[in-house]
Amino acid sequence: MLTFSEARNLVIEKAEMGAPQAASARGVVALPISDALGHILAEEIRTDREYPPFNRSTRDGYAVHSVEAPAGASLRLVGEIKAGDTVREPLALGTCVQIMTGAALPPGSDAVVMIEFTGRDGDIVTFERVTQAGQNYVPQGSEAHTGDVALSPGLRLGFAELAVAAQVGHSSPQCYTKPRVAILSTGDEVVAINETPGPFHIRNSNSVSLAAQVQLAGGTPVPLGNALDRVDDLSAKIELGLRADILVLSGGVSMGKYDLVESVLKGMGAEFYFDAVAIRPGKPAVFGRCRNTLIFGLPGNPVSTMVTFHLFVIPAIDILAGAPPRPLPVLEATLAEPIKEKPGLTHFLPARLSWPDSGPQVHVLRWQGSGDIAALTQSNCFLVVPADHPDISAGDKVSVLPRADVL
Ligand code: AMP
Ligand code: MG
């Protein structure tokens, strides 16, 4: 059985094989910058001018010729420059000008002295400290030159990337359209959330959590409802799912008599790359390909569905979205209470991370197993218990996997 990192690497390898084809089939769209957050950039964006465009003061103070402003020296104040002012006139020898943060230094000046380190008597400014050439301003062109690459294709547009696009005047970046991720739950006991469940039915929460996870991961969810545990219904709905880039199924992948997902997919021509992973929850997770669609058969227990999505589906969405797969964002924390799990499987336990002054600390939550989504609402991370080190003492360092939606 594969470890979770082996399984993850296999997902990455197989997704990368089909990625160029999938991306070109989906194409590119110019998005208003206000809608582009989380999309993957499909073009190269270059700077339109020098950055900064002028020698930009980083302090409120006085622009000087540094050689004229050693400790104890005085200069005559001849004017002021505020941010946005047009500055053409060179600084005359023997003088200084008051300057504000963000304003352009006058030609010839090569330092800004912070106002805090000066004295003033009428139009005479006295300097209290040594003044060094280059202090307190950012030279023109030192951040980027005209025509430099500011943003490259494949970048995920986060707040910093959007700010750079805005800075260079690019108000509608070309982005890859998001991969379409079909979501199909399975099970005779599963009813839609707006139906009244019979005494032995359960509402379809997996389709809701999966759609949320797809959206957070940067995909477009395509909800297909629920398939009964019957070959005809499963085949018909899987057929619809194969129009998407990725098909995620929940349930029907365990060893039960009515767990038909794998055999139905096989009958439709799917090949499988793994059908079990050494993790808990989530051991029966299945990954394969059918025609041009990557397929994930995730176990139906809600927490298993969520954990296996997090581990395996996100990297596939990243790659089909046109970006490199994000690494698992694992943090280190101190374990608050001892735990003991079964060896041989990597466990992902609902847990709560906090930051007392002593550093990140993690508490494992009480839960009733992988159906217990109520317990999960108290969590903000999963504690990762290694397969070969399942017995951990309080105070030991452990890894935690943050829940991307709440932490
Ligand atoms: P399965 O993986 O099909 O054996 O299902 C395992 C458990 O998950 C069962 O208790 C199911 O009732 C539950 N389950 C399956 N599908 C869903 C769903 N869509 N929403 C909520 N729970 C589900
Ligand atoms: Mg089932």
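Located above this text is the structure these notes cover.
Residues numbered from 1 in each chain as written. Chains lettered and ligands numbered in written order. Predicted model: local features only at pLDDT ≥ 70, side-chain atom pairs only at ≥ 80, totals over all residues. Heavy atoms only, no water.

A.B. asks: Give a description of the site of ligand 1 that names residues and reports values.
C.D. replies: The environment of ligand 1 is formed by 16 residues, the closest being Glu189, Asn204, Gly252, Gly300 and Asn301. Within the side chain of Asn204, one N or O atom sits 2.8 Å away from a nitrogen atom of ligand 1. One of the backbone nitrogen or oxygen atoms of Ser205 is found 3.2 Å away from a nitrogen atom of ligand 1. Relative to its unbound accessible surface of 490 Å², ligand 1 loses 78% to contact with the protein. The class makeup of the residues in the shell around ligand 1 is four nonpolar, ten polar and two charged. (Near = heavy atom within 4 Å. Polar contact = N/O pair within 3.5 Å; in protein donor to acceptor, adjacent residues only side chain to side chain. Areas by Shrake-Rupley, 256 points an atom, 1.4 Å probe, with all protein chains shown as cover. Nonpolar A, V, L, I, M, F, W, Y, C, P; charged D, E, K, R; others polar.)

A.B. asks: Explain the pairing of strand β8 (residues 118-121) to me, using residue names and the numbers behind them.
C.D. replies: Where β8 lies against strand β9 (residues 124-127), four bridges are found, and the strand directions are antiparallel. Bridge pairing links Gly119 to Thr126 in β9. Here β8 folds back onto β9 in antiparallel fashion, the turn holding two residues, of which Gly122 has a positive phi close to 60 degrees. (Pairing = 2+ DSSP bridges. Helix = DSSP H or I, 4+ residues; strand = E, 2+ residues; numbered from the N terminus.)

A.B. asks: Describe the nonpolar core, with residues and values.
C.D. replies: One finds Ile246, Phe296, Phe309, Phe312 and Phe348 to be the most contacted residues of the largest nonpolar core, which totals 40 residues. Among the elements of the structure, α1 (4-26), β13 (180-186), α3 (205-217), β17 (246-250), β18 (271-274), β21 (293-298), α6 (302-321) and β26 (381-385) are those that each provide at least two residues to this core. Counting residues per element, this core draws most heavily on α6, at twelve residues. Counting residues in hydrophobic clusters, the runner-up holds 21 residues, among them Val222, Ile238, Leu247 and Ile295. (Core = buried A, V, L, I, M, F, W, Y, C linked by side-chain atoms within 4.5 Å. Buried < 20%, exposed > 50% of the residue type's maximum accessible area, 1.4 Å probe, protein only.)

A.B. asks: Please give an account of the side chain of Ser66 that cites residues and values.
C.D. replies: You can see Ser66 is positioned in the loop between β4 (61-64) and β5 (74-81). Under the relative-accessibility criterion, Ser66 is labelled buried at 9%. Those residues within four positions of Ser66 in sequence are excluded, and the remaining contacts are Asp110, Ala111, Thr131, Gln132 and Ala133. (Contact = heavy atoms within 4.5 Å.)

A.B. asks: Got a sec to walk through a nonpolar patch on the surface? Specific residues and values, please.
C.D. replies: Taken together, the side chains of Leu331, Trp355, Val406 and Leu407 present a nonpolar region at the surface, about 390 Å² in accessible area. Along the chain, the position of Leu407 falls in the segment after β28 (397-402). Exposure remark for Leu407: the relative accessible area of 39% places this residue in the partly exposed category. (Patch = residues over 30% accessible without salt bridge, like charges linked within 9 Å, V, L, I, M, F, W, Y side chains within 5 Å. Salt bridge = Lys/Arg side-chain N within 4 Å of Asp/Glu carboxyl O.)

A.B. asks: Please give an account of the sheet that holds β17 that cites residues and values.
C.D. replies: Taken together, the six strands give an open sheet; going across it, the order is β16-β13-β17-β21-β20-β18, and neighbouring strands pair in mixed fashion. Here the strands that pair on one side only, and so sit at the sheet edges, are β16 (220-227) and β18. Each adjacent strand pair in this sheet contributes to an overall mean axis angle of 20 degrees, direction not counted. Taken together, the five bridges between strand β20 (residues 286-290) and β21 define a ladder with antiparallel strand orientation. (Axes fitted to C-alpha atoms, helices over the stretch in contact; angles between N-to-C directions.)

A.B. asks: Hey, could you go over the packing of aromatic side chains for me, with residue numbers and the actual values?
C.D. replies: In this structure the tally under the stated criterion is five aromatic pairs. Seen from their ring centres, Phe4 and Phe348 are 5.4 Å apart, and the 85 degrees between their planes marks the pair as edge-to-face. Of the two residues, Phe4 sits in helix α1 while Phe348 sits in strand β24 (residues 346-354), which places them 344 residues apart along the sequence. There is no split in this pair, since Phe4 and Phe348 are both buried. Taking 5.3 Å as the distance between ring centres and 55 degrees as the angle between the ring planes, the aromatic pair formed by Tyr273 and Phe287 counts as tilted. Here Tyr273 is found in strand β18, whereas its partner Phe287 is found in strand β20, with 14 residues between them in sequence. Of the two residues, Tyr273 and Phe287, both sit in the buried class. An aromatic cluster is defined as three or more aromatic residues linked by ring pairs; in this entry it consists of Tyr273, Phe274, Phe287, Phe296 and Phe312. The lysine or arginine in question, Arg129, covers the ring of Phe117, its NZ or CZ lying 3.7 Å from the ring centre. (Phe/Tyr/Trp six-rings, centres within 6.5 Å; stacked < 30°, edge-to-face > 60°. Lys NZ or Arg CZ within 6 Å of the ring centre and 35° of its normal.)

A.B. asks: Give me the side chain of Asp233: which residues, what numbers.
C.D. replies: Mapped onto the elements of the fold, Asp233 is located in helix α4 (residues 231-241). Note on Asp233: relative accessible area 15%, which makes it buried. In this structure the side chain of Asp233 is engaged in a polar contact, spanning 2.8 Å, whose partner is the backbone nitrogen of Leu228. Filtering out sequence-adjacent residues up to four positions away, Asp233 remains in contact with Asn226, Ala227 and Leu228.

A.B. asks: Go over the packing of α1 against α6 with me, naming the residues and quoting the values.
C.D. replies: Relative orientation of the contacting elements α1 and α6 amounts to 30 degrees, with a least axis distance of 7 Å. Relative to α6, α1 is oriented roughly parallel. Handedness of the crossing formed by α1 with α6: right-handed. Two secondary-structure elements touch here, α1 through Phe4, Ala7, Arg8, Val11, Ile12, Ala15, Glu16, Ala19, Ala22 and Arg26 and α6 through Leu311, Phe312, Pro315, Ala316, Ile319, Leu320 and Ala321. The class makeup of the residues in the contact of α1 with α6 is 14 nonpolar, no polar and three charged. (Parallel < 35°, antiparallel > 145°, perpendicular 65-115°, else oblique. Left-handed = near helix turned anticlockwise from the far one by under 90°.)

So, to be careful, I would describe these as geometric facts and stop short of saying anything about function.
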